[in-house]
Amino acid sequence: MIAFRYIIGLTLAIGLACSPAGGVDSAKPPETEGTPTDQGNREKSDSDGDGFLPPTDCDDDDPAISPIAFDQPGNGKDENCDGMDAPVIPWISVESATGSWVSSRPGDEYASALEVGDRDDDGQLDIVISAPAGMQIYSLPGRVLSFPLEAGTHSETDATLTLTQSVGTFGMGYSVALRVGTLQGEGDAALVISDPFSGVGGRAFIVPGNQGQSTDIAEAATVTIRSGPDERIFGNVLNSADLDGDGRSELILGRGDPADIGRIYIWRAPVLADAISTDASVIWTARDVGTRLGVFADATGDLTGNGTVDLVVGASGHPDGGKVFIVPSPLEVGGGGSDRAAATISGSPNDSTGNAFVVKDLNGDALDDIAIGSWLRNVAGPRSGVVSIFFGPISGEKSLEDADVSIRPLQGLEFMGRALAVTDFDGDGFNDLAVGAPRDPFLIGGAPGRVLLFRGPLSKDLTTADAALEIRGVTVSGNTGSALVGGFDMNSDGAEDLLVGAPLGVAPESGTFGAAYWVEGRPFDKLRLNR
């Protein structure tokens, strides 16, 4: 399980509109056909001053009704002008979560990345929470904290490990991975933590899992891997898997720089000594500037059907639109790259395809599948997002239009698919898909971000109305659902649980305090729903 960072990822995907990676400008609402900026409509009036003209604005006398308004479910009104009222989905609030962890430091984007596992080898699961900062307060250094996974509300004083930076910039903890196995030694747990925006061009730290005190990460790390000359944003994604068939996990680091050549670096295990990026056993270099190759990576399943783990790499700025490469293992030293890809899946320009995906059996046939979140894709309106599922085995060149299953939102600005996780939430033996929809802050009338659970096995196209459950955030613009981790069962009852990150706030009256939530799985008909 690996969780990818939301906030700086949002900045890179949206805010860098002038970069070769493209993107839309999040500093203003999206321009949509029918707005006063359209040349043919300049003489028309915008009676309610909401920035949209009839007929795009279906009620030009009410500024709360427009294509970027939140459509309140079940109130009999069509606030977003899509021709219908939003459906009511069974829902629970994150406030009913079994466990919650809340930051004491406003603006640090606490819970931007999450992990779960037995970090300290005490027989109990731990939650690992990153607070990298950077979106709101650039002067805050990043932190990573670990707690026992326990019920109740927890403060930072309950942490059994706090890793900080005495010297450095925001971004430490951009992504985190907790690995138990052969990364550094047989059976040992290790934390791998990225710091891609450090002044030295980016770096990654390996910290022994049994580290048990608050300390500077540079002192706690047994291995530091730094960027090479003239590199930046090194280590923005990390993972590990056995890619050469020797029974040991390799370390995978990415460099999805939107303004330069992206790369994936792979080190053979065990990784025991400090290094620089160019020491990697395998280096996969993008062909073009701005492809953002290495913005996300996964190596947990067999999508090609060859019986080994495949390396799946995202390139969200690829000139064909965002792109996902599926490369079968074993990867030989000096090998790798798009020339060896057994399959590719392409999106559209600026839709952020390749920024989030998850590999697992989703249709119940015991073969691995891939779900891809294109969270900026314009499907049901601007930046609505979409989730596309491809059943394995997969080969050849495909586009999102070739998906076996598509899950579509019913209104714009949902950011649907920004994070994904697979978990058997209801314990029926089939994997369910958790889809994060943290929502755009320009969603007029505002609504908290949410997580939508779609019950497996998945076999047909769906919309948000088909979700079995909505897990709803507390705070508007709190970005609930921008980090997800599933697939663990804390109480061994057969129903797997879910971790949910809300990095931008639970207490707007006193600042944006991030939070993480542990939602226990259970049969959907046993949930105590909100009404």
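Keep in mind it's a predicted model, so treat the numbers as computed, not measured.

Reading the values: rules and limits
Counting starts from 1 at the beginning of each chain's written sequence and moves along it residue by residue. Confidence filtering applies because this is a predicted model: local features only for residues at pLDDT of at least 70, side-chain atom pairs given and counted only at 80 or more, and all residues used for totals across whole chains, interfaces and linings. Only hydrogens and water are set aside; all other atoms, that is, all heavy atoms of the structure, feed into the side-chain values. Only runs of H or I of at least four residues qualify as helices and only runs of E of at least two qualify as strands under DSSP, and these elements are numbered from the N terminus. When accessible area is computed with a 1.4 Å probe and restricted to protein chains, residues below 20% of their type maximum are described as buried, those above 50% as exposed, and intermediate ones as partly exposed. Should any heavy atoms of two residues lie within 4.5 Å, those residues are considered in contact. Every accessible area reported is derived by Shrake-Rupley at a probe size of 1.4 Å, with residue values counting cover from the shown protein chains alone. DSSP-based pairing: two strands are paired if at least 2 bridges between them are found. Simply put, an axis is a line fit to the C-alpha atoms, just over the touching stretch for a helix, and the angle between two N-to-C directions goes from 0 to 180 degrees. Under this definition, polar contacts are N or O atom pairs within 3.5 Å; protein pairs additionally need one hydrogen-donor-capable and one acceptor-capable atom, and for neighbouring residues in sequence, both atoms have to be side-chain atoms. Stacked, edge-to-face and tilted labels apply to pairs of Phe, Tyr and Trp rings (six-membered ring for Trp) whose centres lie within 6.5 Å, assigned for plane angles under 30 degrees, over 60, and everything in between, in that order. Think of it as a cone above the ring: NZ of Lys or CZ of Arg counts as a charge over the ring if it is within 6 Å of the ring centre and within 35 degrees of the ring normal.

Participant: When you look at the overall build of the chain in this model, what are you seeing that I'm missing?
Facilitator: A tally of regular secondary structure across the chain gives two helices and 34 strands. Scored against the burial criterion, the 531 residues of the chain give a buried share of 60%. Within the chain, counting contacts between residues at least 6 apart in sequence, those at least 24 apart form 56% of the total. A total accessible area of about 18,900 Å² is found for the chain, and carbon and sulfur atoms account for 48% of it.

Participant: Whenever I open this one, the sheet that holds strand β6 (residues 152-154) confuses me. Can you help?
Facilitator: Backbone-to-backbone hydrogen bonds pair the strands of a sheet. The strands run either parallel or antiparallel. With mixed pairing, the five strands of this open sheet are ordered in space as β6-β2-β34-β33-β32. Whereas interior strands pair on both sides, the edge strands pair on one side only; in this sheet they are β6 and β32 (483-488). Sheet twist, expressed as the average angle between the axes of neighbouring strands with direction ignored, equals 15 degrees. Note that strand β33 (residues 497-502) and strand β34 (residues 515-519) share five bridges and pair antiparallel. In the sheet register, L498 faces β34, and the bridge partner there is V519.

Participant: Quick question: what am I supposed to make of the sheet that holds strand β18 (residues 293-298) here?
Facilitator: Here five strands make up an open sheet; going across it, the order is β18-β19-β20-β21-β25 and the pairing mixed. Across the chains shown, the open sheet's two edge strands, defined by having one partner strand only, are β18 and β25 (396-399). Each neighbouring strand pair of the sheet contributes to a mean axis angle of 20 degrees, computed without reference to strand direction. Across four bridges, the pairing between strand β21 (residues 343-346) and β25 is parallel. Paired with I345 across the strands is K398, a residue of β25.

Participant: Would you mind showing me how to read the pairing of strand β28 (residues 432-437) here?
Facilitator: Looking along a regular strand, one sees side chains alternate from face to face of the sheet. Where burial is concerned, most of β28 is hidden: six out of the six residues are buried. Alternating residues of β28 divide into D432, A434 and G436 and L433, V435 and A437, and every residue in both groups is buried. Across four bridges, the pairing between strand β27 (residues 420-423) and β28 is antiparallel. What sits directly across from L420, in β28, is V435. Pairing geometry for β28 and strand β29 (residues 448-454), over five bridges, is antiparallel. The partner of A437 across the bridge, within β29, is R450.

Participant: How should I be thinking about the side chain of R105 in this particular structure?
Facilitator: Tracing the sequence through the fold places R105 in the loop between β2 (99-102) and β3 (114-117). Of the polar contacts made by the side chain of R105, one reaches the backbone oxygen of P141; its length is 2.9 Å. Once you skip the residues sitting within four places of it in the chain, R105 turns out to touch A131, L140, P141, R143, E156 and F513.

Participant: Is there a simple way to think about unusual backbone geometry in this case?
Facilitator: Trans peptide bonds make up the majority, and among non-glycine residues the majority have a negative phi. Residue P55 follows P54 across a cis peptide bond; omega there is 0 degrees. With respect to the helices and strands, P55 occurs in the loop between α1 (7-15) and β1 (91-93). Along the chain, G392 connects to P393 via a cis peptide bond; the corresponding omega equals 0 degrees. Tracing the chain through its elements places P393 in the loop between β24 (386-390) and β25. For E109, which is not glycine, the phi dihedral falls at a positive 55 degrees.

Participant: Quick question: what am I supposed to make of the packing of aromatic side chains here?
Facilitator: The relative placement of two aromatic rings is captured by the distance of their centres and the angle of their planes. According to the stated counting rule, one finds eight aromatic pairs in the structure shown. Where W375 meets F415, the ring centres are 5.0 Å apart and the plane angle is 85 degrees; that geometry is what we call edge-to-face. Of this pair, W375 sits in the loop between β23 (369-374) and β24 while F415 is found in the loop between β26 (405-408) and β27, placing the two residues 40 residues apart along the sequence. Like W375, the residue F415 is buried in the burial classification. In textbook terms, an aromatic cluster arises when at least three aromatic residues are bridged by ring pairs, as seen for F234, Y265 and W267. The ring of W375 carries the charged tip of R418 above its face, separated from the ring centre by 4.6 Å. Its end group placed over the ring of W91, R472 keeps NZ or CZ at 3.7 Å from the ring centre.

Participant: Which parts of the structure should I look at to understand the environment of I345?
Facilitator: Following the sequence through the fold, I345 ends up in strand β21. C-alpha separation for the pair I345 and G322, spaced 23 residues apart in sequence, amounts to 8.5 Å. For I345, the contacting residues outside a window of four places in its chain are G322, K323, V324, I326, I370, I372, F390, K398, S399 and L400.

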